[in-house]
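So the chains spell out like this:
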Amino acid sequence: MTLLQKRKIRLLAKRIIRNEKKLKLYLLNLHWLKIKKQKLRRRKRTFMKLWKLKRLNTLRRHGLAA
């Protein structure tokens, strides 16, 4: 096999691998909107929990909570 043939085979293999990677990434990111909404919901819940804890501590410090 000549150098040119080897090079062509190498380039073909690289292209196939690249295309498979693109397809894999595309399939992984099909549901990006659902994932984004889920992250936002989780973040909101966490912030609410932190806010409640901070508020309770403030009230306790001032002696207003039971």
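Since the structure is predicted, the reported quantities are computational estimates derived from the model, not experimental observations.

## Section: the overall build of the chain
- Tallying secondary structure elements over the chain gives two helices and zero strands in all.
- Over its C-alpha trace the chain gives a radius of gyration of 27 Å, far above what one expects of a compact globule, namely 11 Å for 66 residues.
- Considering the chain as a whole, with its 66 residues, one finds that 0% of them fall into the buried category.
- For the chain, the accessible area works out to roughly 7,300 Å², and carbon and sulfur atoms hold 62% of it.

## Some thoughts on a positive patch on the surface
- Together, K6, R7, R10, K14, R15, R18 and K22 make up a positively charged patch on the protein surface.
- When you line up the elements, K6 lands in helix α1 (residues 3-28).

## Details of a nonpolar patch on the surface
- Residues L23, Y26, L27 and L30 make up a contiguous nonpolar surface patch of about 420 Å² in total accessible area.
- Relative to the helices and strands, L30 resides in the loop between α1 and α2 (32-61).

## Points about the environment of I17
- Among the secondary structure elements, I17 is positioned in helix α1.
- Residue classification places I17 among the exposed positions, given a relative accessible area of 57%.
- In this structure the C-alpha to C-alpha distance between I17 and K37, which are 20 residues apart in sequence, comes to 32 Å.

The rules behind each value
- Residues numbered from 1 in each chain as written.
- Predicted model: local features only at pLDDT ≥ 70, side-chain atom pairs only at ≥ 80, totals over all residues.
- Heavy atoms only, no water.
- Helix = DSSP H or I, 4+ residues; strand = E, 2+ residues; numbered from the N terminus.
- Rg over C-alpha atoms; globule rule 2.2 N^0.38 Å.
- Buried < 20%, exposed > 50% of the residue type's maximum accessible area, 1.4 Å probe, protein only.
- Areas by Shrake-Rupley, 256 points an atom, 1.4 Å probe, with all protein chains shown as cover.
- Patch = residues over 30% accessible without salt bridge, like charges linked within 9 Å, V, L, I, M, F, W, Y side chains within 5 Å.
- Salt bridge = Lys/Arg side-chain N within 4 Å of Asp/Glu carboxyl O.
- Lys, Arg positive; Asp, Glu negative; His and termini not counted.
- Charge placed at Lys NZ, Arg CZ, Asp CG, Glu CD.

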